[in-house]
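Tertiary structure, described
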Amino acid sequence: MAAEQDIKDRKKGIEVIGPKTYFFISFLIWSIVFVPLSMGVFFMLEVFPKFTDLGNQYSVVIGLFVGLIVSAVVGYIYSTRASKVSQ
C-alpha cells in the first residue's frame, strides 16, 4: 500500500526535498571538506606574503573565501544531479 502511494506521489510531481535544500545540503557537506583544506594550503604555501607586504594570516582569509567559492560551485553541480535523479 505504501509503495502505491509513493508511485502516485511521484506521478503528481510532489518532491520531498526542494532544489534549494539540495543545494544547501551539498554546499554544507562540501564546505566541510574544501574550506579547511584550502585554508591550510594557502597558509602553508604563504600565498599572501608573496604578493603583498602583509602577514601570512591574510592567506587564511583568502583560503576561506576560495574554499567557500569552490564549495558553492561543487555543491551546485551535485545538487543539480541529485534533483535530476530524484525526479
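The notes below deal with the structure included here. (Residues numbered from 1 in each chain as written. Predicted model: local features only at pLDDT ≥ 70, side-chain atom pairs only at ≥ 80, totals over all residues. Heavy atoms only, no water.)

**A few points about a nonpolar patch on the surface**
Residues Leu54, Tyr58, Val61, Leu64, Phe65 and Leu68 make up a contiguous nonpolar surface patch of roughly 500 Å² in combined accessible area. Inspection of the secondary structure puts Leu68 in helix H4 (residues 57-86). The class for Leu68 is partly exposed, based on a relative accessible area of 31%. (Patch = residues over 30% accessible without salt bridge, like charges linked within 9 Å, V, L, I, M, F, W, Y side chains within 5 Å. Areas by Shrake-Rupley, 256 points an atom, 1.4 Å probe, with all protein chains shown as cover. Salt bridge = Lys/Arg side-chain N within 4 Å of Asp/Glu carboxyl O. Helix = DSSP H or I, 4+ residues; strand = E, 2+ residues; numbered from the N terminus. Buried < 20%, exposed > 50% of the residue type's maximum accessible area, 1.4 Å probe, protein only.)

**Regarding the side chain of Ser79**
Looking at the secondary structure, you find Ser79 in helix H4. Beyond its immediate sequence surroundings of up to four residues, Ser79 is in contact with Tyr22, Phe23 and Ser26. (Contact = heavy atoms within 4.5 Å.)

**Remarks on unusual backbone geometry**
For residues other than glycine, phi is negative in most cases, and the peptide bonds are mostly trans. For Glu46, which is not glycine, the phi dihedral falls at a positive 50°. Within the secondary structure, Glu46 is located in the loop between helix H2 (19-44) and helix H3 (47-51). Owing to a relative accessible area of 44%, Glu46 belongs among the partly exposed residues under this scheme.

**Quick word on the packing of aromatic side chains**
Across all of its chains, the model carries four aromatic pairs by this definition. Where Phe23 meets Phe27, the ring centres are 6.0 Å apart and the plane angle is 20°; that geometry is what we call stacked. With a gap of four residues between them, Phe23 and Phe27 both fall in helix H2, about one helical turn apart. For Phe23, a relative accessible area of 30% gives the class partly exposed. Pairing Trp30 with Tyr78 gives two aromatic rings, centres 5.2 Å apart and planes at 50°, and the pair type is tilted. Of this pair, Trp30 sits in helix H2 while Tyr78 sits in helix H4, and the two are 48 residues apart along the sequence. Here Tyr78 falls in the partly exposed class, since its relative accessible area comes to 45%. In this structure an aromatic cluster arises from ring pairing among Trp30, Phe34 and Tyr78. (Phe/Tyr/Trp six-rings, centres within 6.5 Å; stacked < 30°, edge-to-face > 60°.)

**Description of the environment of Pro49**
Along the chain, Pro49 turns up in helix H3. When its relative accessible area of 29% is taken as the criterion, Pro49 is described as partly exposed. Separated by 10 residues in the primary sequence, Pro49 and Ser59 place their C-alpha atoms 7.8 Å from one another. Excluding anything up to four places from it in sequence, Pro49 contacts Leu54, Gly55, Asn56 and Ser59.

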